[in-house]
Amino acid sequence: MNIRMQPSNAPTFVDQFARHKHKLRISVTDRCNFKCLYCMPEHPQWTSKKQLLSWDELYQFCDFMVRRGIEQIRITGGEPLLRHGVVHFVEKLQSLRAYGLKRISMTSNAHYLKTHAVALKQAGLDDLNISLDSLDPIQFKQLTQKDLAPVIEGIAAAQAAGLKIKINTVLIQGLNDNQILPLAHWSIQQQVLLRFIEFMPLDGDQKWSRQQVVSEQEILNQLSQDFKLDQLRQTGADPARHYQINGHPIAIISTITHSFCDRCDRIRLTATGELYHCLFATQSLNIKAEIQQLHQLNVQQEQALTQSIATYIWHKKAGYAAIQQAQRAEQGIRKISMHMLGG
Ligand code: SAM
Ligand code: SF4
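In this report, the structure presented in the accompanying data block is examined. (Residues numbered from 1 in each chain as written. Chains lettered and ligands numbered in written order. Predicted model: local features only at pLDDT ≥ 70, side-chain atom pairs only at ≥ 80, totals over all residues. Heavy atoms only, no water.)

### Focus on the overall build of the protein
Just so we agree on the cut-off: Note on conventions: DSSP H or I runs of at least 4 residues are helices, E runs of at least 2 residues are strands, and numbering of each starts at the N terminus. Values of the radius of gyration come from C-alpha atoms, whereas the globule rule sets the reference at 2.2 Å times the count of residues to the power 0.38. In this scheme, a residue with accessible area under 20% of its type's maximum is buried, one over 50% is exposed, and one in between is partly exposed, where area comes from a 1.4 Å probe on protein chains only. With residues, only the protein chains shown are counted as cover, and all accessible areas are computed by Shrake-Rupley using a 1.4 Å probe. For this count, His and the chain ends are skipped, Lys and Arg are scored as positive, and Asp and Glu as negative. Think of each charge as sitting on NZ of Lys, CZ of Arg, CG of Asp or CD of Glu.
A tally of helices and strands in the protein yields 11 helices and 15 strands. A globule of 343 residues ought to have a C-alpha radius of gyration of about 20 Å, and the protein, at 20 Å, matches this closely. When the backbone C-alpha atoms are referred to their principal axes, the protein occupies close to 60 × 45 × 45 Å. Across the 343 residues in the protein, those meeting the buried criterion constitute 54%. Looking at the protein as shown, the accessible area adds up to about 15,200 Å², and 50% of this sits on carbon and sulfur atoms. In the protein, which carries 38 positive and 30 negative side-chain charges, the distance between the mean positions of the two groups comes to 3 Å.

### Some details on the packing of aromatic side chains
Put simply, the rule is: In summary, the pairing rule links any two rings of Phe, Tyr or Trp, Trp by its six-membered ring, whose centres are within 6.5 Å, and it sorts them by plane angle into stacked for under 30 degrees, edge-to-face for over 60 and tilted for everything else. Think of it as a cone above the ring: NZ of Lys or CZ of Arg counts as a charge over the ring if it is within 6 Å of the ring centre and within 35 degrees of the ring normal.
Counted according to the given criterion, the structure contains two aromatic pairs. Arranged with centres 6.1 Å apart and planes meeting at 85°, the rings of Phe34 and Phe140 form a pair that is edge-to-face. Of this pair, Phe34 sits in the loop between β4 (23-27) and α1 (55-66) while Phe140 sits in helix α4 (residues 137-144), placing them 106 residues apart in sequence. With a relative accessible area of 4%, Phe34 lands in the buried category. Overall, the relative accessible area of 1% leaves Phe140 in the buried class. Here the basic side chain of Arg67 rests over the ring of Tyr99, its NZ or CZ set 3.9 Å away from the ring centre. Above the plane of the ring of Trp55 lies Arg83, whose end atom (NZ or CZ) is 4.3 Å from the centre.

### Points about the side chain of Asp177
Stated formally: Basic side-chain nitrogens of Lys or Arg form a salt bridge, by our definition, when they fall within 4 Å of a carboxyl oxygen of Asp or Glu. Whether two residues touch is decided by their heavy atoms; if any such pair falls within 4.5 Å, the residues are in contact.
For Asp177, the position within the fold is in the loop between β8 (164-171) and α6 (180-190). An unpaired buried charge is present at Asp177: no salt bridge exists, and Arg210, the closest side chain of opposite charge, is 12 Å distant. For Asp177, the contacting residues outside a window of four places in its chain are Leu171, Ile172, Val214 and Gln222.

### Focus: the site of ligand 1
What counts, and what does not: Consider each residue's heavy atoms; a residue with any of them within 4 Å of a molecule or strand counts as near. As used in this structure description, the phrase polar contact means that two N or O atoms lie within 3.5 Å; if the pair is within protein, one of them must be able to donate a hydrogen and the other to accept it, and residues adjacent in sequence are counted only when both atoms belong to side chains.
Near ligand 1 lie 20 residues; those nearest to it are Tyr38, Gly78, Ser131, Met200 and Met338. Gly78 places a polar main-chain atom, nitrogen or oxygen, 3.0 Å from a nitrogen atom of ligand 1. The separation between an oxygen atom of ligand 1 and a polar side-chain atom of Asn168 is 3.4 Å. In the complex, the protein chains occlude 95% of the 550 Å² of accessible area that ligand 1 would expose alone. Looking at the shell around ligand 1, the elements with two or more residues in it are β6 (103-108), β8 and β9 (193-198).

### With respect to the site of ligand 2
The line we're drawing: Classification convention: Asp, Glu, Lys, Arg as charged; Ala, Val, Leu, Ile, Met, Phe, Trp, Tyr, Cys, Pro as nonpolar; all other residues, Gly among them, as polar.
Contacts to ligand 2 come from Cys32, Phe34, Cys36, Tyr38, Cys39, Met40, Gly78 and Asn109. Within the shell around ligand 2, the residues separate by chemical class into six nonpolar, two polar and no charged.

### Focus: empty space enclosed by the protein
Convention followed: Space inside and on the surface of the protein is sampled on a 1 Å grid over the protein atoms alone, with a cavity defined as a set of points where a 1.4 Å probe fits but cannot get out and a pocket as an open set with protein on both sides within 12 Å along at least 5 of 7 lines; lining residues have an atom within 4 Å of a point. Grid points are joined across faces, edges and corners, and a volume is the space filled by probe spheres set on the points.
Taken as a whole, this structure holds one cavity of 30 Å³ or more when the rule is applied. By volume, the largest cavity amounts to about 30 Å³. Around the largest cavity sit Phe34, Cys36, Tyr38, Asn109, Ser131, Leu132, Asp133, Phe140 and Thr144, which together line it. For the lining of the largest cavity, the residue count by class is five nonpolar, three polar and one charged.

### Some words on the pairing of β8
This is how the line gets drawn: We call two strands paired when DSSP finds no fewer than two bridges between them.
For β8, a buried count of six out of eight residues is recorded, marking the element as mostly surrounded by other parts of the structure. Alignment of strand β7 (residues 127-131) against β8, held across five bridges, turns out to be parallel. By the bridge assignment for β8, Ile130 is matched with Ile167. The sheet contact formed by β8 and β9 spans six bridges and is parallel. Along β9, the bridge assignment pairs Lys166 with Leu193.

### Looking at the environment of Thr169
Topologically, Thr169 is positioned in strand β8. Residue Thr169 is classed as buried on the basis of its relative accessible area of 0%. Residues Thr169 and Leu132, spaced 37 residues apart in sequence, show a C-alpha to C-alpha distance of 5.4 Å. With near-sequence residues (within four places) excluded, Thr169 lies in contact with Leu132, Asp133, Asn176, Leu183, Leu194, Arg195, Phe196 and Ile197. Within polar-contact distance, the side chain of Thr169 engages the backbone oxygen of Leu132 at 2.7 Å.

### Here we look at the sheet that holds strand β12 (residues 248-253)
Test applied: The angle between two axes is taken between their N-to-C directions and runs from 0 to 180 degrees, where each axis is a line fitted to C-alpha atoms and a helix contributes only its stretch in contact.
Reading across the sheet, the 12 strands line up as β10-β11-β12-β9-β8-β7-β6-β5-β4-β13-β14-β15 and stay open at both edges, with mixed pairing between neighbours. Lying at the two open borders of the sheet, with one neighbouring strand each, are β10 (229-231) and β15 (285-286). Contacting β5 (72-76) and β6, helix α2 (residues 86-93) runs over the sheet at an angle of about 175° to β5. Strands in contact with helix α5 (residues 149-161) are β7 and β8; relative to β8, the strand with the most contacts, it is inclined by about 150°.

Shown next, in the form of structure tokens:
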């Protein structure tokens, strides 16, 4: 019931609202050298290295999923560049292009990017999202507990290596909302796409409040002070809403005020083998043991795994609002935060 065949005969996973899943995000580690206020808990408890799926196990899972309709894989974390072997993993994923993989991406804080940019490009990484929440070194340190300079150097190295990059900025009311205009001017200077992200209730210590969200409308109000603003048409399953400032592209991911749940085509895997059909899901599907056995599963066992993933994905809720309602009714507590799930 859950797996539909596409004309190409590649099956895809689909949920009860007919949203086909083409994108897989893999968090390869929950560890991070940053402590972003909106993400990391005050006292993180890192997963021990032996609990992580190995690179080979992650590769086997990617292979399994690409043969079932996944077209884009994003490597994230925690900080993916902290895990030794990540560049080789990107290189290995290239072989899955023969089975339908179209894009291999990464999200990084860019602290170690200067060292890895050229190797990532050579390994075949298609694009890279970089988090940058302030251009003010003091404010940057308050937000992340780390220095701004290596990040700026990392961005320059990525551009020099020819990597396609986007910049992600999470805005928090009263903390870095004064960075909207400086970052917008900087993005034009650097000729990069800047995407502002509304703060989501996925912080490690669950301190999020609606008052801290800088809404899309507030961002637009600020931008219109300095720029001629035009809205562009929405395309496909892109969560971002696109605009132009003086003709230069800029985007806003406004999960809180303009949820994109109705066209969500993503699923996520943690480094310990928990599959999530939604960022806000309170229930995951633990498939670690099955992933570890993937190379020796017989046809029936493969079908059983396909079916259990399909059933889990089928039950994905309508979206953020529906999940919040259910959480309130069940008093459900989200058991995972962004540093484990990878955004
Ligand atoms: N460490 C990498 C980085 O920061 O780019 C990758 C992992 S990080 C969890 C992935 C993305 O999630 C980043 O762009 C980050 O800004 C975003 N993020 C983390 N916590 C968030 C939150 N509470 N609300 C909105 N975005 C968040
Ligand atoms: Fe680390 Fe990225 Fe979370 Fe910041 S957003 S703490 S860099 S995982």
